[in-house]
Amino acid sequence: MNVKPPKRSFFYRNGLTIVFLSLFIITLAAQGLTGWKQHNADLKENHAQEIGLGTYLRSGHFISATFENFESEFLQMALYVMLTVSLRQIGSAESKKLDEPEEVDRTPKPSPDAPWSVRQGGWILKIYSNSLSICFALLFFASWALHLYGSWQNHNVEQLAKHLPTITVMAYLAEPEFWFETFQNWQSEFLSVASIVFFTIYLRQKGSPESKPVDAPHLETGK
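Here the structure is a predicted model, which means the values were calculated and not measured.

### Some thoughts on the overall build of the protein chain
1) Next: A tally of regular secondary structure across the protein chain gives eight helices and zero strands.
2) Next: Taken from the N to the C terminus, the helices and strands of the protein chain come in the order α-α-α-α-α-α-α-α.
3) Next: Over its C-alpha trace the protein chain gives a radius of gyration of 23 Å, far above what one expects of a compact globule, namely 17 Å for 223 residues.
4) Next: When the backbone C-alpha atoms are referred to their principal axes, the protein chain occupies close to 75 × 45 × 40 Å.
5) Next: Sorting the 223 residues of the protein chain into buried and exposed places 28% on the buried side.
6) Next: Restricting to contacts in the protein chain with at least 6 residues of sequence separation, those with at least 24 account for 56%.
7) Next: For the protein chain, the exposed area adds up to about 15600 Å²; of that, 66% sits on carbon and sulfur atoms.
8) Next: Here the protein chain contributes 19 positive and 21 negative side-chain charges, whose respective centroids are spaced 13 Å apart.

### Details of the packing of aromatic side chains
Each aromatic ring pair is characterised by the separation of its centres together with the angle its planes make.
1) Next: A full pass over the atoms with the stated rule returns 16 aromatic pairs.
2) Next: Look at phenylalanine 74 and phenylalanine 136: their rings are 6.4 Å apart centre to centre, the planes differ by 35°, and that puts the pair in the tilted class. Of this pair, phenylalanine 74 sits in helix α3 (residues 60–86) while phenylalanine 136 sits in helix α6 (residues 131–161), and the two are 62 residues apart along the sequence.
3) Next: Exposure remark for phenylalanine 74: the relative accessible area of 22% places this residue in the partly exposed category.
4) Next: Ring-pair connections join several aromatic residues into one group, and the members of that group are Phe140, Phe141, Trp144, Tyr172, Phe178, Trp179, Phe183 and Trp186.
5) Next: In this structure, arginine 8 packs its charged tip against the face of tyrosine 12, placed 4.5 Å from the ring centre.

### Looking at the environment of threonine 55
1) Next: Relative to the helices and strands, threonine 55 is located in helix α2 (residues 53–56).
2) Next: Judged by its relative accessible area of 38%, threonine 55 is partly exposed.
3) Next: As for threonine 55 and serine 111, which are separated by 56 residues in sequence, their C-alpha atoms are 52 Å apart.

### Some points on the side chain of histidine 147
1) Next: Mapped onto the secondary structure, histidine 147 falls in helix α6.
2) Next: Look at histidine 147 and you get buried, because its relative accessible area is 0%.
3) Next: Apart from residues no more than four positions distant in its own chain, histidine 147 is found in contact with Ser64, Phe67, Glu68, Glu71, Phe178, Glu181 and Thr182.

What counts, and at which threshold
- Residues numbered from 1 in each chain as written.
- Predicted model: local features only at pLDDT ≥ 70, side-chain atom pairs only at ≥ 80, totals over all residues.
- Heavy atoms only, no water.
- Helix = DSSP H or I, 4+ residues; strand = E, 2+ residues; numbered from the N terminus.
- Rg over C-alpha atoms; globule rule 2.2 N^0.38 Å.
- Buried < 20%, exposed > 50% of the residue type's maximum accessible area, 1.4 Å probe, protein only.
- Contact = heavy atoms within 4.5 Å.
- Areas by Shrake-Rupley, 256 points an atom, 1.4 Å probe, with all protein chains shown as cover.
- Lys, Arg positive; Asp, Glu negative; His and termini not counted.
- Charge placed at Lys NZ, Arg CZ, Asp CG, Glu CD.
- Phe/Tyr/Trp six-rings, centres within 6.5 Å; stacked < 30°, edge-to-face > 60°.
- Lys NZ or Arg CZ within 6 Å of the ring centre and 35° of its normal.

This is the structure we're talking about:
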């Protein structure tokens, strides 16, 4: 006799996404409010006119700060998805096994339950087979461009407040300011990935899919 699985609530089935999206919205709103107050304090210090919240949310200061962080996160995820295809770390829960075949490497087979792209085959399947890394790469490049735009706009606002000449976006690309903002975020993302890859060799979190079982040997690779 088949027993039907218990019916789960919408939150139970989507709780991880809901919680993280909620935290994102709350912290983005907090960033906007505190950034607005800080930006107006900077403008006042330079004897420039203060701006309203709506104007601030369209300003280079807010756009730069926001997409500077998005950019590094999407770069982290794009590289992580792509590099874990071929690179290994013995003992890490975040690595594929050293020699054994993995489910993620199997050739996709069309079936009634398979995604539409799999059933279509050909170039559509080829793109879909790499769609996760493509998505993160596109989000990274879009965020990088918006970070550049916002940082350039904010730089020119500061120049005007100091009665100095503004510069073009191409000239700004040669300035160290933008690249300092960029590299300080990139290096932190690379460190965070290296940390979870390495620490999951020796440390455990019971119940987490990002950890090996508590009693797994240190050099057992994969989850």
